[in-house]
Amino acid sequence: MNRDEKASIVQALGEKFGKAQIAVVANYRGLKVSAMQELRRGLRDKDAEFQVAKNTLLTRAVQGTEFESLSEHFSGTTAIAVSFSDPVGPAKVLTDFAKDHPELEIKSAVLNGKVLSSEDLAALAKLPSKEVLLGQLLGVLNAVPTGLVRVLSGVPRTFLYALQAINDQKGQTEN
């Protein structure tokens, strides 16, 4: 690989890091090609990429980005997973894949400038997806006005029940 090829790879990786919301560093030693393709497919469905690169190129690509703290984990057979949208989906894919394939070792991650350990990434993976969270928020927001309407309609209803009871009581005394 000549110097121009290396520069273009560093530039492409730098652009990915510039757009990324989360980046995960993993060791893929011993992982079969078919398993790697399966992982890439799962990540692609979640708007994420899984790429293998040389450690020196990765170190140069993260310089000056919020992912610079990942460079201390670039050793051995290193692969990087980068997500451009929802960070929960790729975290779920990676942790589930790592459970089934112990060859994949998640080293570290960075989410919005904060370094996450593999345990933190597993906790992130347990969160519901963005769509589910938005649905839950909508349910909570909808429950407030519904409860208010029920409370406000309860006052006239109980007054109507009281009037009906008085009417029934007068009707019984006339008979």
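This text goes with the structure placed above it.
What counts, and where the lines are drawn
- Residues numbered from 1 in each chain as written.
- Predicted model: local features only at pLDDT ≥ 70, side-chain atom pairs only at ≥ 80, totals over all residues.
- Heavy atoms only, no water.
- Helix = DSSP H or I, 4+ residues; strand = E, 2+ residues; numbered from the N terminus.
- Expected span 1.5 Å × (residues − 1).
- Buried < 20%, exposed > 50% of the residue type's maximum accessible area, 1.4 Å probe, protein only.
- Arc of directions from axis to C-beta.
- Contact = heavy atoms within 4.5 Å.
- Polar contact = N/O pair within 3.5 Å; in protein donor to acceptor, adjacent residues only side chain to side chain.
- Axes fitted to C-alpha atoms, helices over the stretch in contact; angles between N-to-C directions.
- Parallel < 35°, antiparallel > 145°, perpendicular 65-115°, else oblique.
- Left-handed = near helix turned anticlockwise from the far one by under 90°.
- Nonpolar A, V, L, I, M, F, W, Y, C, P; charged D, E, K, R; others polar.
- Patch = residues over 30% accessible without salt bridge, like charges linked within 9 Å, V, L, I, M, F, W, Y side chains within 5 Å.
- Areas by Shrake-Rupley, 256 points an atom, 1.4 Å probe, with all protein chains shown as cover.
- Salt bridge = Lys/Arg side-chain N within 4 Å of Asp/Glu carboxyl O.

### Here we look at helix H1 (residues 3-19)
One full turn of an α-helix is made of 3.6 residues, so residues set three or four places apart face in the same direction.
Next up, step 1: The terminal C-alpha atoms of H1, which comprises 17 residues, lie 25 Å apart, in line with the 24 Å expected from a rise of 1.5 Å per residue.
Next up, step 2: Listed as buried for H1 are Val-10, Leu-13 and Phe-17. Angular distribution of buried residues about the axis of H1 spans 70°; they occupy a single face of the element. Across H1 from its buried face, at more than 90 degrees, point the exposed residues Asp-4, Gln-11, Gly-18 and Lys-19.
Next up, step 3: For H1, the secondary structure elements touched by its buried residues are strand S1 (22-27), strand S2 (48-52), helix H3 (55-62) and strand S3 (78-83).
Next up, step 4: The opening residue of H1 is Asn-2, an N-cap whose side-chain oxygen sits 3.2 Å from the backbone nitrogen of Asp-4.

### Some details on the packing of H1 against H3
Next up, step 1: The contact between H1 and H3 brings their axes to 8 Å, and the two run at 50°. Between H1 and H3, the angle is such that the two are oblique. In this structure, H1 crosses over H3, and the sense of that crossing is right-handed. On H3, the residues that touch Lys-6, Ile-9, Val-10, Leu-13, Gly-14 and Phe-17 of H1 are Leu-57, Leu-58, Arg-60, Ala-61 and Val-62.
Next up, step 2: Among the residues making up the contact of H1 with H3, the classes are represented as eight nonpolar, one polar and two charged.

### Some thoughts on the packing of helix H2 (residues 33-45) against helix H4 (residues 88-100)
Next up, step 1: Closest axis-to-axis distance for the H2/H4 pair is 9 Å, and the angle between their directions is 160°. Classed by the angle they form, the pair H2 and H4 counts as roughly antiparallel. Handedness of the crossing formed by H2 with H4: right-handed. Contacts between H2 and H4 pair Ala-35, Glu-38, Leu-39, Gly-42 and Leu-43 from the former with Pro-90, Val-93, Leu-94 and Phe-97 from the latter.
Next up, step 2: In the contact of H2 with H4, the residues fall into seven nonpolar, one polar and one charged.

### Quick look at a nonpolar patch on the surface
Next up, step 1: Residues Leu-134, Leu-137 and Leu-141 make up a contiguous nonpolar surface patch of roughly 300 Å² in combined accessible area.
Next up, step 2: Position of Leu-134 relative to the elements: it lies in helix H6 (residues 130-174).

### Structural notes on helix H5 (residues 118-125)
Next up, step 1: Those residues of H5 not exposed but buried are Leu-121, Leu-124 and Ala-125. Across the axial projection of H5, the buried residues extend over an arc of 100°, all falling on one side.
Next up, step 2: In the core, the buried residues of H5 are packed alongside S1, H4 and strand S4 (105-111).

### Notes on the environment of Ser-69
Next up, step 1: Relative to the helices and strands, Ser-69 is located in the loop between H3 and S3.
Next up, step 2: Classification of Ser-69 by relative accessible area gives partly exposed; the value is 29%.
Next up, step 3: Sequence-distant contacts of Ser-69, defined by excluding residues within four places in its chain, comprise Val-110 and Val-115.

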